[in-house]
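Fold and geometry: a report
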Amino acid sequence: MFDIIIAAFADIIESMVKARKLIVLLLSIPFVASNARLGAQSSAYYQPKPVRLEMLQSWEKAEGRALPENVPGIYELDYRRYDFQNNIALTIDDCMPNHVMATDLDILKRRGIKAVFFIIGRNFVDSLGRPMPRAKELLTRVVEEGHVIGDHSYWHRRLDLGAYRDNRVALTREIDGVQALVDRILGHHYPIIYFRPPGGAHSTPLYALDRVLKEKREYLANWTITSFDWCMRLPAGRPDHLDAATVLARTVKQAKEESGGVVIVHAFPQTAAILDELLTRLMQAENSRGPLRFTTLDEIMRLKPVFPK
Ligand SMILES: [Zn+2]
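A brief look at the structure comes next. The numbering scheme is per chain: residues are counted from 1 as the chain's sequence reads. In keeping with the predicted nature of the model, local features appear solely for residues at pLDDT of at least 70, side-chain atom pairs appear and are counted solely at 80 or more, and the whole-chain, interface and lining totals rest on all residues. Heavy atoms from the whole structure form the basis of all side-chain values; hydrogens and water molecules are not counted.

What follows is about the coordination of the zinc ion. Of the protein atoms, only Asp94 (OD), His152 (NE2) and His156 (NE2) coordinate the zinc ion, at distances of 2.0 to 2.1 Å. Sequence spacing of the donor residues for the zinc ion, all on one chain, is D-x57-H-x3-H. Here His156 lies in the loop between strand E3 (148-151) and helix H6 (168-186) and Asp94 lies in strand E1 (residues 87-95), a separation of 62 residues in the sequence. Residue exposure (1.4 Å probe, protein chains only): buried if accessible area is under 20% of the type maximum, exposed if over 50%, otherwise partly exposed. Judged by relative accessible area, Asp94 falls into the buried class, the value being 15%. Distances up to 2.8 Å from the metal define which N, O and S atoms are donors, and 3.2 Å serves for Na, K and Ca; water is absent from the atom set, so sites may look incomplete. The way it works is that DSSP assigns letters per residue, a run of H or I at least four long becomes a helix, a run of E at least two long becomes a strand, and they are numbered from the N terminus.

Below is the structure:
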């Protein structure tokens, strides 16, 4: 009986191997499904999350602490309350200690523009947990050249899903892991105050990530202007592929229409190749309020007096 089952199973496998197209089709189903989701995301500008200031205020009240004043949004960048007044802050996601990060730093140095480098913790260590060869050099450059190190999580997983969803222990580990790693690489304590969740995703029924960030005194720092630069990496035949010209034009168009904002790009080679051009176009851009100008996320937030760490 067992032999018959084995033989039947082997027959099925063999016929599937012969019909290779069928296997390819089956394997591609999840891929196509994920593309469809990506396509949907790419078709619209990023929509800021709903305001949760009231919720945060209720926490403060429960803990008997007053909200800091003059801050539009506490612990979260509640960009909907901002008039960016043609100011742009640049943020670079998915940083790893390689030539791309070095190139981005070179370009920004030439331009005198400051950015937040959102790093993925695991990218900065090898499989044995030792810092990658250029980790110290590049993080030191970020700090010494007037930029900011931001936390883009240790493992770069969706924190609103699976084992992370509403799991404050797992979320805390992600955040503590990056802070400890940065301190170890730099050789001194560098207080991280910006956290950007992978995919920008954080809302869950319990707002666990928001609560952990509050405990850690870090800001959830998402973005408002989406370059969709990751679409340049997709194969040219795909419907959600974007060429460099489109990425540049879309980003500048949105920045003009929305009177500035927080721009997200990634530390990809394709983006590094057009970063200088992107900065040029943004600096030359004008709308009815006048020219756009680069500033920093700190300036946009006016956060410095909020909490010394
Ligand atoms: Zn990312």
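There's plenty left to go through after this.
It is worth spelling out the pairing of strand E2 (residues 115-119) at this point. Among the 5 residues in E2, 5 count as buried, and that is most of the element. Burial of E2 is two-sided: the residues Ala115, Phe117 and Ile119 facing one way and the residues Val116 and Phe118 facing the other way are all buried. Relative to E2, E1 runs parallel, the two sharing 4 bridges. Note on E2: the bridge partner recorded for Cys95 is Ile119. Orienting the strands away from the viewer, one traces the path from the first strand over the helix to the second; a clockwise path indicates a right-handed crossover. Tracing the backbone out of E1, into helix H4 (residues 99-111) and back to the parallel element E2 gives a crossover that is right-handed. Pairing between two strands requires that DSSP report at least two bridges joining them.

The next subject is H4. Expected span of a helix, by definition, is 1.5 Å for each gap between consecutive residues, and there is one gap fewer than residues. When the terminal C-alpha atoms of H4 are compared, their 18 Å separation across 13 residues agrees well with the 18 Å that a helix rising 1.5 Å per residue should span. Among all positions in H4, only Val100, Met101, Ala102, Asp104, Leu105, Ile107 and Leu108 are buried. Against E1, E2, helix H5 (135-144) and helix H9 (269-284) lie the buried residues of H4. What qualifies as a polar contact is a pair of N or O atoms within 3.5 Å, subject to a donor-acceptor requirement within protein and to the restriction that residues adjacent in sequence count only when both atoms come from side chains. The opening residue of H4 is Asn98, an N-cap whose side-chain oxygen sits 3.1 Å from the backbone nitrogen of Val100. Backbone geometry just downstream of H4 places Gly112 in the positive-phi region, at approximately 70°. We call two residues in contact whenever any of their non-hydrogen atoms come within 4.5 Å of each other.

A separate point is the environment of Lys216. Among the secondary structure elements, Lys216 is positioned in helix H7 (residues 208-216). Along the chain, Lys216 and Thr172 lie 44 residues apart, while their C-alpha atoms are 8.6 Å from each other. Here Asp176 takes part through its side chain, which lies 2.8 Å from a polar atom of the side chain of Lys216.

So, on to the side chain of Glu145. Tracing the backbone through its elements, the reader meets Glu145 in the loop between H5 and E3. Within the local environment of Glu145, its side chain forms a polar contact with the side chain of Arg141, the two groups lying 2.6 Å apart. Ignoring any residue separated from it by four or fewer positions in sequence, one finds Glu145 in contact with Leu105, Lys109 and Lys114.

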